[in-house]
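# Coordinate analysis (summary)
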Amino acid sequence: MLDHDRIRRDTPGASGRVFLDSAGSSLPPTVVLDTAIAHLRREAEIGGYSAAAERTTDLAAVKTSIGTLIGAPASSIALSDSATRAWTDFFYSVPLSPGDRILLCEAEYASNAICALHRAEVTGAVVEVIPSDESGRIDVDALQDMLDDRVKLVSVVHAPTNGGLINPARAVADLAHQHGAIVLLDACQSIGQMRVDVDELGVDALSATGRKWLRGPRGTGFLYLRPGLASTLHPTALDLHSAQWIDRQTYRMADDATRFEFWECDVAARLALGAAVDYLLELGIDQVEEAVVERAEYLRAGLREIPGVTVRDLGDRKSGIVSFTVDGEEPDAVRDRLGNQGVSVRVSYDSSTRLDMTGRGLDSVVRASPHYFVTFAELDTMLAALAGE
């Protein structure tokens, strides 16, 4: 059971404001902030190289902690500066030829879709979209009918940025692998709020960010690669960390996920990411997931009681992202009105998930994402503010 008194002490940013934007950039616990600042101060004292050398073991432990969180060996983790960078680095390394097929889901995030369309334009591959079923999730039956040996990559957004649902990653992976396709999971919105185990999901690669539900710093993220997969891929860029210069005409890429890393990085941010993951592991991901689900369902139930409010979430199993609209009031105006009353929410626009939003006739929605540190009293405050009480 979570110690909410301790969690609130560890989250000073939650005091005096109802923070409902962990799907955007969450509030880091004090240990994350202290870790980053302490290393920056050390760099100022002895220089960046020497400060990093002192923390070699701790930097290696960041991958170990991430591996523990997702059920993977440290060697299968590449640290990055964002989920987008991790997703893109992997996607551009997958070989594509004219006529190859890339399958996206209807809830695809804009950055992913743009990358897919760009590569299709350059390589002659084609981009197709897997339909959603009645609940809004990826239609597994429709996917089965679409698959053939020309499908090279299937992209799955685990928890879409604006729809509240969780997609059936395992079912997609099992079908795709029957045709030799690679499955890339965008776990940007699921890591940190729910249990994500790569063996259970069966995916080949996974991208994630530190700044959202993990409560880490901005400018951090990671890529997971199924063991053995890295050695079959050629990243679009290398340096002296991802590869070794053997002689005048020879270099050798790292055998594991390291081939997707560069030597230069924000050491303070990576150490702070490790602190965020360790904090989550100490709390227990199952306890955190239970708390997030409870708060999201409480908020959805309260929203449904307010006249003129429509909850826009999809799926049978839902994430901690709660999306809604208010009759006669633009989402931007709702966000600003709540913000003036000390409630932080975000607006998600159709430019972020064009296929999903356009298909549902929506231009934008208000997005609230209560993490485990949010109290039920604060959710009541948000609901009262929305209702104009």
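This report concerns the structure included in the present document. What you see is a predicted model, and the numbers here were worked out from it, not measured in a lab.

### Some details on the overall build of the chain
Helix and strand counts for the chain stand at 15 helices and 15 strands. For a compact globule of 389 residues, the expected C-alpha radius of gyration is about 21 Å, and the chain comes in at 21 Å, within 12% of that figure. Long-range pairs, those at least 24 residues apart, make up 70% of the contacts in the chain with a sequence separation of at least 6. Each charge sign in the chain was given a centre, from 37 positive and 57 negative side chains, and these centres are 3 Å apart.

### Some details on the pattern of salt bridges
Tallying each qualifying case throughout the model produces 23 salt bridges. Across the salt bridge formed by arginine 55 and aspartate 58, the nearest N and O atoms sit 2.5 Å from each other. We classify arginine 55 as partly exposed; its relative accessible area is 25%. Take aspartate 58: its relative accessible area is 35%, and that puts it in the partly exposed class. Arginine 101 is the partner of aspartate 148 in a salt bridge, and the nearest nitrogen-oxygen pair spans 3.0 Å. Of this pair, aspartate 148 sits in the loop between helix 8 (140–146) and strand 5 (151–157) while arginine 101 sits in strand 3 (residues 101–105), and the two are 47 residues apart along the sequence. Overall, the relative accessible area of 25% leaves aspartate 148 in the partly exposed class. Look at the salt bridges and you will find they share partners, linking Arg101, Glu128, Asp148 and Arg150 into a network.

### Observations regarding the layout of surface pockets
As a volume, the largest pocket reaches approximately 470 Å³. What lines the largest pocket is a set of 19 residues, among which Ala52, Leu59, Trp263, Cys265 and Val267 lie closest to the centre. Across the lining of the largest pocket, the residue classes tally to 10 nonpolar, 3 polar and 6 charged. Considered as a void within the structure, the second largest pocket measures approximately 370 Å³ in volume. Residue lining of the second largest pocket: 25 residues in total, with Thr84, Tyr109, Cys188, Arg211 and Lys212 positioned closest to the centre.

### A few points about the sheet that holds strand 11 (residues 309–311)
Across the sheet, which stays open at both edges, the 4 strands sit in the order 11-12-15-14 with antiparallel pairing between neighbours. The two strands at the open ends of the sheet, each matched to only one other strand, are strand 11 and strand 14 (346–349). Put simply, the sheet's adjacent strands are angled 40° from each other on average, direction ignored. As paired elements, strand 12 (residues 322–326) and strand 15 (residues 364–368) share 3 bridges and run antiparallel to each other. Its bridge partner being in strand 15, phenylalanine 324 is matched across the sheet by valine 366.

### A few points about the environment of serine 75
In this fold, serine 75 is placed in the loop between helix 5 (56–70) and strand 2 (77–80). Taking the C-alpha atoms as reference points, serine 75 and tyrosine 349, 274 residues apart in sequence, are found 37 Å from one another.

### Remarks on the sheet that holds strand 2
In spatial order, the strands read 2-8-7-6-5-3-4; together these 7 strands make up an open sheet with mixed pairing. At either margin of the open sheet sits one strand with a lone partner, and together these are strand 2 and strand 4 (126–130). Averaged over all adjacent pairs, the angle separating strand axes in this sheet is 20°, with direction ignored. For strand 2 and strand 8 (residues 221–225), the ladder comprises 4 bridges, and the chain directions are antiparallel. Bridging across to strand 8, serine 80 finds its partner in glycine 221. Each of strand 2, strand 3, strand 5, strand 6 (182–186), strand 7 (205–209) and strand 8 is contacted by helix 6 (residues 83–91), which is oriented at about 160° to strand 7, the strand it contacts most. Here helix 7 (residues 110–123) sits on the sheet in contact with strand 3, strand 4, strand 5 and strand 6, set at roughly 145° to strand 4.

### What about the nonpolar core?
Nonpolar side chains in soluble globular proteins tend to end up buried together. The biggest cluster of nonpolar side chains holds 82 residues, and the ones touching the most others in it are Val154, Ile191, Leu206, Phe222, Leu303, Phe324 and Met382. If one sorts the elements of this core by residue count, helix 12 (residues 285–304) sits on top with 7 residues. For leucine 206, the contacting residues outside a window of four places in its chain are Leu184, Leu185, Ala187, Ile191, Val196, Val198, Phe222, Leu223 and Tyr224. Membership of the second largest hydrophobic core comes to 24 residues, among which are Phe90, Leu96, Leu104 and Ala257.

### Section: helix 13 (residues 331–339)
Along helix 13, the positions that sit buried rather than exposed are Pro331, Val334 and Leu338. When helix 13 is viewed along its axis, its buried side chains cluster within an angular range of 55° and face the same direction. Summarising the contacts, the buried residues of helix 13 are in contact with strand 12, strand 13 (343–344), strand 14, strand 15 and helix 15 (376–387).

### Overview of empty space enclosed by the protein
In the structure shown here, the tally under the stated rule is 1 cavity of 30 Å³ or more. Of the volumes computed, that of the largest cavity is approximately 30 Å³. Lining the largest cavity, in full, are Gly192, Trp213, Leu214, Arg215, Ala276, Tyr279, Leu280, His371 and Tyr372. Partitioned by chemical class, the residues of the lining of the largest cavity number 6 nonpolar, 2 polar and 1 charged.

### Description of the side chain of aspartate 204
Its place among the elements puts aspartate 204 in the loop between helix 10 (198–201) and strand 7. Looking at aspartate 204, its side chain comes within polar contact range of the side chain of histidine 177, at 2.7 Å. Here the side chain of aspartate 204 touches valine 183 through a polar contact of 2.7 Å, landing on its backbone nitrogen.

Scoring rules and cut-offs
- Counting restarts for each chain, with residues numbered from 1 along the sequence as it is written.
- In view of the model being predicted, local features appear only for residues whose pLDDT reaches at least 70, and side-chain atom pairs are presented and counted only at 80 or more, with totals across whole chains, interfaces and linings using the full set of residues.
- Excluded from the side-chain calculation are hydrogens and water; included are all heavy atoms of the structure.
- Helix numbers and strand numbers start at the N terminus; a helix is a DSSP run of H or I with at least 4 residues, a strand a run of E with at least 2.
- As defined in this context, the radius of gyration uses C-alpha atoms, and a globule is described by 2.2 Å times the residue total to the power 0.38.
- The contact criterion used throughout is that any non-hydrogen atoms of two residues lie within 4.5 Å.
- Counted as positive: Lys and Arg. Counted as negative: Asp and Glu. His and the chain ends are not counted at all.
- By convention, the charge on Lys lies at NZ, on Arg at CZ, on Asp at CG and on Glu at CD.
- Only one rule defines a salt bridge in this text: a Lys or Arg side-chain nitrogen within 4 Å of an Asp or Glu carboxyl oxygen.
- For the exposure calls, accessible area comes from a 1.4 Å probe over protein chains only, and a residue counts as buried if that area is under 20% of its type's maximum, exposed if over 50%, partly exposed in between.
- Within this scheme a cavity is a closed region of a 1 Å grid, computed over the protein atoms alone, that accommodates a 1.4 Å probe without allowing it to escape, whereas a pocket is open but has protein on both sides within 12 Å along at least five of seven lines; lining residues each have an atom within 4 Å of a point.
- Grid points are joined across faces, edges and corners, and a volume is the space filled by probe spheres set on the points.
- Only Asp, Glu, Lys and Arg are considered charged in this grouping, and only Ala, Val, Leu, Ile, Met, Phe, Trp, Tyr, Cys and Pro are considered nonpolar; every other residue, Gly among them, is considered polar.
- Pairing between strands is defined by DSSP: at least two bridges between them are needed.
- Whenever a helix is involved, its axis is fitted only over the stretch in contact; in every case the axis is a line through C-alpha atoms, and angles between N-to-C directions fall within 0 to 180 degrees.
- Only buried residues count toward a nonpolar core. Its members are Ala, Val, Leu, Ile, Met, Phe, Trp, Tyr and Cys residues joined through side-chain atoms within 4.5 Å.
- Taking the helix axis as origin, the arc is that swept by the directions to the C-beta atoms.
- In protein, a polar contact requires one atom able to donate a hydrogen and another able to accept it; more generally it is a pair of N or O atoms within 3.5 Å, and residues adjacent in sequence count only if both atoms are side-chain atoms.

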